[in-house]
Structure formats: C-alpha cells, structure tokens
Amino acid sequence: MTVDDAVARALAIGPDSSAAERTIDITTLGARSGMPRRIEIWFHRVDGRWYLTGMPGPRNWYANLRAHPRFTVHLKHGVTADLPATAAPVDEPTRRRVITAVLDLQNRPEIAARVSQRQNFDTWFAHSPLVEIVFDDEQLRTASSASAG
C-alpha cells in the first residue's frame, strides 16, 4: 500500500468507523496570538466531504479557524500524515445534514455510553461549531467526490 492509499483509507471514514479511526489532531493559528495550537478532535465524513464540529458552545479551535482558516490535519490512525487544508463555512442545508449525521453517530450504543446526556438537535444546530475541511491536495478532493454516495 502506498502512502497515498493509506491516506485515502484513513480519510474514508463512515458511520461504522471507530472512535480511533475518526480521531485526528489539527493545528490552527491562535485567533489573537497567531501562535500554532494543536488539539485532538474527531472529524466526520458526510456526503463525501469532511467536517469538524463539537459540542455546542464556544470552542477555541473554531475561533482560531474563523480568524485564520488555513490549518493542518494530522492523521494518526494507520498512517501518519500532515495535510494542509482550509476551513470553509457551511450553508444551512449542509449544516442540517452534518449535525443530523453527527447526532445519529452519537446515539450509537458504543458511543452513547461515552456521552453523558442525550444531545438535542435544536441546540446543536443553533450553537455547535461546524466547518468543512477542504484539503489543498486536489487528488483528495477528487477522490472524496468520486466516492460520495
């Protein structure tokens, strides 16, 4: 398997992917400081595109991406790769689809056991951070749209 194949496989997450498979690190630039900030986060794939979201409420990573949309995705499950990307805003219909998919995932028994309370769609829809990950690598973007469906 080539590195490109391993990267494609690591990005090909779906509803049945494990927590480890959807765990990545991201490096953003601080909204005020401009200093690199690296955190661990889950990413999601819905309709062949990748997204970052989180629990409702203010998130530093989201503030950082709003101020500086360029960031790096660090894959770490099955392959180590640093992928330059841009955080893109999402429209309301996309937001609805992604939040629905994320909450469906959180209601799965293996994940629901880790979540302290049932998540409310309206709260998530109104207050959760959400951005699309747009990778710089054209091949990744082409592969994602070719495998969407």
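So, here is what we can say about the structure in this document. (Residues numbered from 1 in each chain as written. Predicted model: local features only at pLDDT ≥ 70, side-chain atom pairs only at ≥ 80, totals over all residues. Heavy atoms only, no water.)

Our next topic: the pattern of salt bridges. All told, the structure shown has six salt bridges when counted by the stated rule. Put simply, Asp 25 and Lys 76 hold a salt bridge, and the shortest N to O gap is 2.7 Å. Within this pair, whereas Asp 25 is found in strand 1 (residues 23-29), its partner Lys 76 is found in the loop between strand 4 (70-75) and strand 5 (81-88), the two being separated by 51 residues in sequence. Where Asp 136 meets Arg 70, a salt bridge forms, and the shortest distance between an N and an O atom there is 2.7 Å. Of this pair, Asp 136 sits in the loop between strand 6 (130-135) and helix 6 (138-146) while Arg 70 is found in strand 4, placing the two residues 66 residues apart along the sequence. (Salt bridge = Lys/Arg side-chain N within 4 Å of Asp/Glu carboxyl O. Helix = DSSP H or I, 4+ residues; strand = E, 2+ residues; numbered from the N terminus.)

Another point: the nonpolar core. With 25 residues, the main nonpolar core has Leu 52, Val 73 and Leu 75 as its most contacted residues. Every element with two or more residues in this core is listed here: helix 1 (3-11), strand 1, strand 2 (36-46), strand 3 (49-53), helix 2 (60-67), strand 4, strand 5 and strand 6. Non-local contacts of Leu 52, meaning those with residues more than four positions away in its chain, are made with Ile 24, Ile 26, Ile 41, Trp 42, Phe 43, Trp 61, Leu 65, Phe 71, Pro 129, Leu 130, Val 131 and Ile 133. Ranked by size, the runner-up nonpolar core spans eight residues in total, among them Tyr 51, Ile 99, Val 102 and Leu 130. (Core = buried A, V, L, I, M, F, W, Y, C linked by side-chain atoms within 4.5 Å. Buried < 20%, exposed > 50% of the residue type's maximum accessible area, 1.4 Å probe, protein only. Contact = heavy atoms within 4.5 Å.)

Here we take up the pairing of strand 2. Where strand 1 meets strand 2, seven bridges bridge the pair, whose relative direction is antiparallel. What sits directly across from Thr 28, in strand 2, is Arg 37. Following strand 1, the chain reverses through six residues before pairing antiparallel with strand 2; Gly 34 in that reversal takes a positive phi of roughly 75 degrees. The pairing of strand 2 with strand 3 spans four bridges and is antiparallel. Residue pairing across strands places Val 46 opposite Arg 49, the latter belonging to strand 3. The turn joining strand 2 and strand 3, which pair antiparallel and follow one another in sequence, is formed by two residues; a positive phi near 55 degrees is taken by Asp 47. (Pairing = 2+ DSSP bridges.)

In short, shape yes, function no, at least from these values alone.
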